[in-house]
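Overview (structure and organization)
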Amino acid sequence: MNPIVIIPARMSATRLPGKPLAEINGLPMILHVRNRAIEAEVGRVVVAAGEQSICDVVRNAGGEAILTNPELPSGSDRIFAALEQVDPGEAFDTVVNLQGDLPTLDPTLIHAVIEPLSSRGVDIGTLAAKITDPEEEDCPDVVKVVMSPSEEAESRGRALYFTRANAPWGQGDLLHHIGIYAYRRDVLKKFVQLKPSFLEKREKLEQLRALENNIRIDVSIVDTVPLGVDTQNDLDKARLILSGVSHALV
């Protein structure tokens, strides 16, 4: 595989507007995420920006950023638009969609999300972690993945469904889905051309469009869920977490 990591970012987040440029220990958040991706050492890293201000910050720091249409409906559409600009010759066959609000991400998770694509027949890789907090089990903001375990590896499985409900029923672990994806390039192209599906619109989960169109998603089980920055409280937590390592991120 020849992967590229693309980080979609836009300023108009509902709960925390302007968050890509929110300062965390002297650096805008988007630069922290870019640094995490570089530390993973899996390939080229590009920011797919919805606004020129994000491009300017990334480029001034020596990074690569592509300006995309701010009206694009999703991060998947944004990364595909950027991919078409930076790689028209299709040198990259694997595309990692790394959310731009994960400044404390463990870089090893990027390797974990690519790993399922080593198996033929897998179209998209993603991540999940076992739920350990009982409050998350019924929380609709915590997306669960219903997974059939793999015979190839204990820490892998095939996604059968994603839901905001408590599922599956019965004894056993529940899995907290982590919204990082690795696509085969041709699958990403197919995916963004599909219309939003019935279950996708009902659950408000874009990945269900793939399952409803017989696109296979496999899941790597990891130890922890990275902090996603969606609110001011999340931003404060990220500042505390990174305060001890900020000197290494410049």
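Scope of this entry: the structure provided in the associated data block. (Residues numbered from 1 in each chain as written. Predicted model: local features only at pLDDT ≥ 70, side-chain atom pairs only at ≥ 80, totals over all residues. Heavy atoms only, no water.)

Once that is clear, we can look at the environment of serine 53. Looking at the element boundaries, serine 53 is found in helix α2 (residues 52–60). Taking relative accessible area as the criterion, serine 53 reaches 31% and is therefore assigned partly exposed. Each C-alpha atom of the pair serine 53 and isoleucine 110 lies 26 Å from the other, and the pair is 57 residues apart in sequence. Among residues more than four places away in sequence, those in contact with serine 53 are Met11 and Leu21. (Helix = DSSP H or I, 4+ residues; strand = E, 2+ residues; numbered from the N terminus. Buried < 20%, exposed > 50% of the residue type's maximum accessible area, 1.4 Å probe, protein only. Contact = heavy atoms within 4.5 Å.)

Turning our attention to the pairing of strand β8 (residues 144–149). It is a general feature of regular strands that their side chains alternate between the two faces of the sheet. Two elements, β8 and strand β9 (residues 156–163), share six bridges in a ladder whose sense is antiparallel. Note that in β9 the partner of valine 145 across the bridge is phenylalanine 162. A loop of six residues connects β8 with β9, the two strands running antiparallel in sequence. (Pairing = 2+ DSSP bridges.)

For the pair helix α3 (residues 75–86) and helix α6 (residues 185–193), interaxial distance at closest approach is 10 Å and the crossing angle is 125 degrees. The pairing of α3 with α6 is recorded here as oblique in orientation. The two elements α3 and α6 cross, and the hand of that crossing is left-handed. From α3, Ser76, Asp77, Ile79, Phe80, Leu83 and Glu84 reach across to α6, where they touch Arg185, Leu188, Lys189, Phe191 and Val192. Along the lines of polarity and charge, the residues of the contact of α3 with α6 split into six nonpolar, one polar and four charged. (Axes fitted to C-alpha atoms, helices over the stretch in contact; angles between N-to-C directions. Parallel < 35°, antiparallel > 145°, perpendicular 65-115°, else oblique. Left-handed = near helix turned anticlockwise from the far one by under 90°. Nonpolar A, V, L, I, M, F, W, Y, C, P; charged D, E, K, R; others polar.)

Counting residues in hydrophobic clusters, the biggest one holds 43 residues, and the most contacted among them are Val5, Ile7, Val47, Val96, Leu98, Ile110 and Ile180. Those elements that provide at least two residues to this core are β1 (3–9), α1 (29–40), β4 (44–49), α2, α4 (108–114), β7 (124–130), β10 (175–184) and α9 (232–242). A per-element tally of this core places α1 first, with six residues. Dropping the residues within four chain positions of it, leucine 98 is found in contact with Val5, Ile6, Ile7, Pro8, Val33, Ala37, Leu105, Ile110 and Ile180. Counting residues in hydrophobic clusters, the runner-up holds 34 residues, among them Ala48, Ile79, Phe92 and Tyr183. (Core = buried A, V, L, I, M, F, W, Y, C linked by side-chain atoms within 4.5 Å.)

For the rest of this paragraph, the subject is the side chain of aspartate 234. Relative to the helices and strands, aspartate 234 is located in helix α9. Within the buried core, aspartate 234 has no salt-bridge partner, and the shortest N-O distance to an opposite charge, that of lysine 237, equals 4.8 Å. Once residues lying within four places of it in the same chain are set aside, the contact partners of aspartate 234 are Leu227, Gly228 and Val229. (Lys, Arg positive; Asp, Glu negative; His and termini not counted. Salt bridge = Lys/Arg side-chain N within 4 Å of Asp/Glu carboxyl O.)

The subject of this paragraph is the pattern of salt bridges. If you walk through the whole model with that rule in mind, you get 14 salt bridges. For aspartate 87, the salt bridge identified is with arginine 185, shortest N-O distance 2.5 Å. Here aspartate 87, found in the loop between α3 and β6 (94–97), pairs with arginine 185, found in helix α6; they are 98 residues apart in sequence, far enough to count as distant. No difference in accessibility class separates aspartate 87 from arginine 185, as the two residues are buried.

This next bit is on the packing of α1 against α2. Following both chains from N to C, one finds α1 and α2 inclined at 50 degrees, their axes separated by 10 Å at the closest point. The pairing of α1 with α2 is recorded here as oblique in orientation. With respect to the hand of their crossing, α1 and α2 are arranged in right-handed fashion. Residues Ile30, Leu31 and Arg34 of α1 pack against Ile54, Val57 and Val58 of α2. Residue classes in the contact of α1 with α2 are distributed as five nonpolar, no polar and one charged.

We now examine α6. Here α6 has its buried residues at Arg185, Val187, Leu188, Phe191 and Val192. Down the axis of α6, the sector holding all buried residues measures 155 degrees, keeping them to one side. For α6, the exposed residues lying more than 90 degrees away from the buried face are Asp186 and Gln193. Buried residues belonging to α6 abut α3, β6, β7, β10 and α8 (207–212). (Arc of directions from axis to C-beta.)

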